[in-house]
Every structure is written in C-alpha cells, then in structure tokens.
Amino acid sequence: MTELANCPECGTLYVKTVISLCDRCRRSREERFNKVYEFLRKKENRESTILETSVHTGVSETDILEFIREGRLQLADFPNFHMLCAFCGDATRDGRLCKSCETQLQGDIAKINNTKKASTENVYVNRELHSRRNE
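Criteria and cut-off values
Residues numbered from 1 in each chain as written. Predicted model: local features only at pLDDT ≥ 70, side-chain atom pairs only at ≥ 80, totals over all residues. Heavy atoms only, no water. Core = buried A, V, L, I, M, F, W, Y, C linked by side-chain atoms within 4.5 Å. Buried < 20%, exposed > 50% of the residue type's maximum accessible area, 1.4 Å probe, protein only. Helix = DSSP H or I, 4+ residues; strand = E, 2+ residues; numbered from the N terminus. Phe/Tyr/Trp six-rings, centres within 6.5 Å; stacked < 30°, edge-to-face > 60°. Lys NZ or Arg CZ within 6 Å of the ring centre and 35° of its normal. Contact = heavy atoms within 4.5 Å. Pairing = 2+ DSSP bridges. Expected span 1.5 Å × (residues − 1). Arc of directions from axis to C-beta. Axes fitted to C-alpha atoms, helices over the stretch in contact; angles between N-to-C directions. Parallel < 35°, antiparallel > 145°, perpendicular 65-115°, else oblique. Nonpolar A, V, L, I, M, F, W, Y, C, P; charged D, E, K, R; others polar. Left-handed = near helix turned anticlockwise from the far one by under 90°.

Draft legend 1. Quick peek at the nonpolar core. Val 36, Leu 40, Ile 64, Ile 68, Leu 73 and Phe 81 are the most contacted members of the largest nonpolar core, which totals 15 residues. Elements with a contribution of two residues or more to this core: helix 1 (23-41) and helix 3 (61-69). Ranked by size, the runner-up nonpolar core spans 6 residues in total, among them Ala 5, Tyr 14, Cys 22 and Cys 25.

Draft legend 2. Local environment of the packing of aromatic side chains. Inspection of every chain in the model, using the stated rule, returns 3 aromatic pairs. Taking the centre distance of 5.2 Å and the plane angle of 35° together, the rings of Phe 78 and Phe 81 count as tilted. The two residues Phe 78 and Phe 81 agree in class, both being buried. An aromatic cluster of three or more residues is present, and its members are Phe 33, Tyr 37 and Phe 67. Geometry around Phe 33 places Arg 72 over its ring, the cationic atom sitting 3.9 Å from the centre.

Draft legend 3. Summary view of the side chain of Asn 45. In this structure, Asn 45 sits in the loop between helix 1 and helix 2 (50-57). We classify Asn 45 as buried; its relative accessible area is 13%. If we ignore the near neighbours within four places in the chain, the residues touching Asn 45 are Phe 39 and Leu 40.

Draft legend 4. Examining the pairing of strand 1 (residues 3-6) more closely. Pairing analysis gives 4 bridges linking strand 1 to strand 2 (residues 13-16), with the strands arranged antiparallel. In the strand pairing of strand 2, Ala 5 is matched with Tyr 14. Hairpin connection between strand 1 and strand 2: a loop of 6 residues separates the two successive antiparallel strands, and Gly 11 in this loop has a positive phi of roughly 85°.

Draft legend 5. Spotlight on helix 1. Between its first and last C-alpha, helix 1 extends 26 Å over 19 residues, near the 27 Å set by a 1.5 Å rise per residue. Burial in helix 1 covers these residues: Cys 25, Arg 29, Arg 32, Phe 33, Val 36, Phe 39 and Leu 40. Along the axis of helix 1, the buried positions cluster into a sector of 125°, meaning they face one direction only. Opposite its buried face, helix 1 presents the exposed residues Arg 24 and Glu 31, each directed more than 90 degrees away.

Draft legend 6. Structural context of the packing of helix 1 against helix 3. Packing of helix 1 against helix 3 leaves a shortest axis separation of 11 Å and a crossing angle of 85°. Between helix 1 and helix 3, the angle is such that the two are roughly perpendicular. Facing helix 1, whose interface residues are Arg 29, Arg 32, Phe 33 and Val 36, helix 3 presents Asp 63, Ile 64, Glu 66 and Phe 67. Here the contact of helix 1 with helix 3 is composed, by residue class, of 4 nonpolar, no polar and 4 charged.

Draft legend 7. How the structure looks around helix 3. Those residues of helix 3 that fall on the buried side of the exposure criterion are Asp 63, Ile 64, Leu 65, Phe 67 and Ile 68. Where the residues of helix 3 are buried, they touch helix 1, helix 2 and strand 3 (83-84). One or two residues past the end of helix 3 sits Gly 71, with phi positive at roughly 85°.

Draft legend 8. Molecular detail of the packing of helix 2 against helix 3. For the pair helix 2 and helix 3, interaxial distance at closest approach is 9 Å and the crossing angle is 120°. Between helix 2 and helix 3, the interaxial angle falls into the category oblique. Both helix 2 and helix 3 take part in a crossing whose hand is right-handed. When helix 2 is examined against helix 3, the residues Ile 50, Leu 51, Thr 53 and Ser 54 are found in contact with a partner set consisting of Glu 61, Ile 64, Leu 65 and Ile 68. For the contact of helix 2 with helix 3, a count of residues per class yields 5 nonpolar, 2 polar and 1 charged.

Shown next, in the form of structure tokens:
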C-alpha cells in the first residue's frame, strides 16, 4: 500500500517506501556517505576525528553520527570516532550510553523491578489472608 508523505529533509511530497526520504534527498545522502567512506578508506585518514572528517569531506558531523547510528560506519574501525552519551553527553564508544549512565540505568531498572516484585508479593499475601478469613 502506498502512502504519501513529506520528505523530512526538503519537505517535498513523495511516495513513502522503506526509506523515509524522497529520491533526491536519498541520492544526496548517499553521495555524502560515499564522500565520508572514500575519505576514511585511506589508511592515513582512519585516525581522523569526526570533526576532521567533516572538515575534509564537507559532510556535517550530524550526518556522520547518523551513519554510525545506522551501522554504516563502525566505531571499531576508527579509533578517534566516538558517540555522545544519550543521557549525559560524554564521549562513548559503547553504544548510545556511556558506562556510567548504563550502570546507573541498570540499577534504576533493578530497583523498579524489585519494588514491583515486592508489591506483587504483598498483594498475593494479602489476597491469601483475605480468602482464609472468608472460609
């Protein structure tokens, strides 16, 4: 089923497919990716930072970060590339969160699960006691 949508980059009306960009913006994005990729393919450029890559290719840092998020560029291949933590903004090479924020989030989730488990157990005990009184 076809769906009409406005391109998020240029606003042009287009038939939406799996890719959420019009053909012109999709081609432009591919050209930008190829510029970055060709620059980084050269051995002497692999240790460039995202900023240096942006300056040399003319591709914005935002686009380069998006290529990394999409998995088109792997951080493991480029030692001076890093992402910003989604919570605190510190540099990270391990996904969307730095180790500190990841640990804090895991602790918060564990607390919530423990609280939820304890409240569920209390409800069960209260129901059991209540049902015994009615016998």
